[in-house]
Amino acid sequence: MTELAEGLVKRGHQVRVITGMPNYPQREIYHEYRGKWYVTEQTNGVTIQRSYLRIKSKPNLIDRLLLELSFVFTSLPQAFKGGRPDVIILTVPPLFGTLPVTIFGWLYNCPVVLNVQDILPDAAVRIGLLKNKWMIRTLAALEKFAYRSAHTISVIADGFRENLVNKGVPVNKIVCIPNWVNVNFICPLPKHNNSWISSHQLDGKFVVLYSGNIALTQGLETVIEAAICLRHIKEIVFVIVGESIALQRLQKYCLLNGADNVLLLPLQPREKLPEMLAASDVGLIVQKRNVISFNMPSKIPLLLASGRPIVGSVPATGTAAKAIKLSGGGIIVEPESPDAMATAVHDLYVNPTLGARLGNAGRQFAEENYSFEQALNRYEGLLSHIVANRKSTIGNLPKLNSKKSVVDG
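Every chain begins its residue count from 1, and numbering advances along the sequence as written. For a predicted model such as this one, the threshold for reporting local features is a pLDDT of at least 70, and the threshold for listing and counting side-chain atom pairs is 80 or more; totals across whole chains, interfaces and linings nevertheless cover every residue. The side-chain quantities take in all heavy atoms of the structure and omit both hydrogens and water.

An unreviewed UniProt entry annotates the chain as WcaI, colanic acid biosynthesis glycosyl transferase WcaI of Nostoc flagelliforme CCNUN1.

Have a look at this one:
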């Protein structure tokens, strides 16, 4: 969303962002923002209006609810500190943001675009993260309210569209715009003279990389067990990069199982991302077998753009598997199967030609389907169409020309 906001500003649009105090990944408000209810700042032409959040580093269900409700109440005053917008974009989850946005849009008679990055409560219920029946019913009602009150719904994969249509959302209310990657910032780079490799003592190693969110949907124990299967090949090292709190759990698992060929690292600064991806020989996409089929990891475009082959330990019928297959940039293996993952990694280790072919195909696909400029054109076209036709009914969304893709609309 940061890139989208700044990209629209560069094209001459005025963009105002209403968000909470920064707290990721430690789930603690950054020091310079503590003790403040509201902060307004300018970054690369974007006006950012931040409001207080009630946040805990180790939240339970009540804490999560209070976090969402705190933003509901503190964000509205910020929304009214500025000019009347032509259109509002709301990214979900979290679903509770629907409440202040709907109020604001109603008072200003302003259309709302719901940008759906994940579908709750379906995903949380499927993996067992959400079990409280009251909360499930509340989120289901909020989800229905969000779809009904939005002017337009943008989704990131066709699987999302199917899910929404099955819930009664009119198909002509939905437009599919996939998430993107900056193919100029993330691009194939050589492994030699890579400072990231040197700083982590990975010289001469065949690096299998997982970087990103570490949650119940991934099941990264599979990665560690696959690493154990390949311990006899000293050149192969598995690197897991993620949130420090989650890494503590994985560290215990590694020690318990003797996985001495696994390197655990905290999330890296954004400017180190190209070097980190270039340090890898294989990129991992990992999901549990019970992950809901429409889930589309944002890491897929990133890995494809880096020119490294993907091993996708994902459900064969899901959106992630379809995207990887269509790109030609990776291998799909059975989820939650350490042996299958280890076999795919070993095949790429002994056959560098295969890895290079997959990596090249993935890079080409990323350039043709996931570039930021393409996504920015689509969002700008969608928003311009809505503003120009704000008094008309929703029936005619703009046609977004693109090459056939599992995630294209």
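Next comes the rest of the write-up.
## Considerations on the layout of surface pockets
To keep it simple, the criterion reads: Residues are said to line a cavity or pocket when one of their atoms sits within 4 Å of a point; the points come from a 1 Å grid over protein atoms alone, cavities being sets where a 1.4 Å probe fits but cannot get out and pockets being open sets with protein on both sides within 12 Å along at least five of seven lines. Grid points are joined across faces, edges and corners, and a volume is the space filled by probe spheres set on the points. Each helix corresponds to a stretch of at least 4 residues labelled H or I by DSSP, and each strand to a stretch of at least 2 residues labelled E; elements are numbered beginning at the N terminus. Any residue outside Ala, Val, Leu, Ile, Met, Phe, Trp, Tyr, Cys, Pro, Asp, Glu, Lys and Arg is labelled polar, Gly included; the first ten of those are nonpolar and the last four are charged.
For the second largest pocket, the calculated volume is near 260 Å³. Lining of the second largest pocket is provided by 13 residues; of these, Gly 7, Lys 10, Asn 182, Phe 372 and Glu 373 occupy positions nearest its centre. Where the lining of the second largest pocket is concerned, the elements lending two or more residues are α1 (2-10) and α15 (372-388). No other element matches the four residues that α1 contributes to the lining of the second largest pocket. The residue inventory of the lining of the second largest pocket, partitioned by class, reads four nonpolar, four polar and five charged.

## Here's the deal with the packing of aromatic side chains
Test applied: Any Phe, Tyr or Trp ring, taking Trp's six-membered ring, that has another such ring centre within 6.5 Å forms a pair; planes under 30 degrees apart are called stacked, those over 60 apart edge-to-face, and the others tilted. Whether a residue is buried, partly exposed or exposed follows from its accessible area with a 1.4 Å probe, protein chains only, as a fraction of its type maximum: under 20%, in between, or over 50%, in that order. Sitting over a ring, as applied to charges here, requires NZ of Lys or CZ of Arg to be within 6 Å of the ring centre and within 35 degrees of the ring normal.
As enumerated under the stated definition, the model contains eight aromatic pairs in all. Centre to centre, the rings of Trp 180 and Phe 372 are 5.4 Å apart; their planes meet at 50 degrees, and the pair counts as tilted. Residue Trp 180 is found in the loop between β7 (174-176) and α7 (195-199), and its partner Phe 372 is found in helix α15; the two are separated by 192 residues along the sequence. A single burial state applies to Trp 180 and to Phe 372, both of which are buried. Ring plane angle 80 degrees and centroid distance 6.1 Å describe the contact between Trp 180 and Tyr 379, whose orientation is recorded as edge-to-face. Of this pair, Trp 180 sits in the loop between β7 and α7 while Tyr 379 sits in helix α15, and the two are 199 residues apart along the sequence. One exposure class covers both Trp 180 and Tyr 379, and it is buried. Following the ring pairs from residue to residue traces out a cluster consisting of Phe 80, Phe 104 and Tyr 108. Above the face of the Tyr 38 ring, Lys 81 is positioned so that its terminal group lies 4.7 Å from the ring centre. Sitting over the face of the ring of Phe 185, Arg 270 holds its NZ or CZ atom 4.5 Å from the ring centroid.

## Looking at the nonpolar core
For clarity, the cut-off: Side-chain atoms within 4.5 Å link the members of a nonpolar core, which is a set of buried Ala, Val, Leu, Ile, Met, Phe, Trp, Tyr and Cys residues. Domain boundaries shown here were taken from an automatic or database domain assignment. Contact criterion: two residues are considered in contact whenever any of their non-hydrogen atoms come within 4.5 Å of each other.
Core analysis: the largest hydrophobic core is formed by 62 residues, its most contacted members being Leu 114, Val 116, Ile 153 and Val 239. It is helix α5 (residues 133-149) that provides the largest number of residues to this core, a total of five residues. Both domains that furnish three or more residues to this core are identified here as domain 1 (1-181 + 373-384) and domain 2 (195-363). Once residues within four sequence positions are removed from consideration, Val 116 is found in contact with Val 92, Tyr 147, Ile 153, Ser 154, Val 155, Ile 156 and Phe 160.

## Here we look at the sheet that holds strand β1 (residues 16-20)
Here is the rule we go by: By this definition, two strands are paired if DSSP reports at least two bridges between them. As a rule, the C-alpha atoms of each element are fitted with a line to give its axis, helices using only the stretch in contact, and angles between N-to-C directions run from 0 to 180 degrees.
Pairing within the open sheet is mixed, and its three strands lie in the order β1-β3-β2. With partners counted over all chains shown, the strands left at the sheet margins are β1 and β2 (38-43), one partner each. Neighbour-to-neighbour, the strand axes of the sheet open up by a mean angle of 20 degrees, direction not taken into account. When β1 meets strand β3 (residues 46-51), the two strands line up parallel, connected through five bridges.

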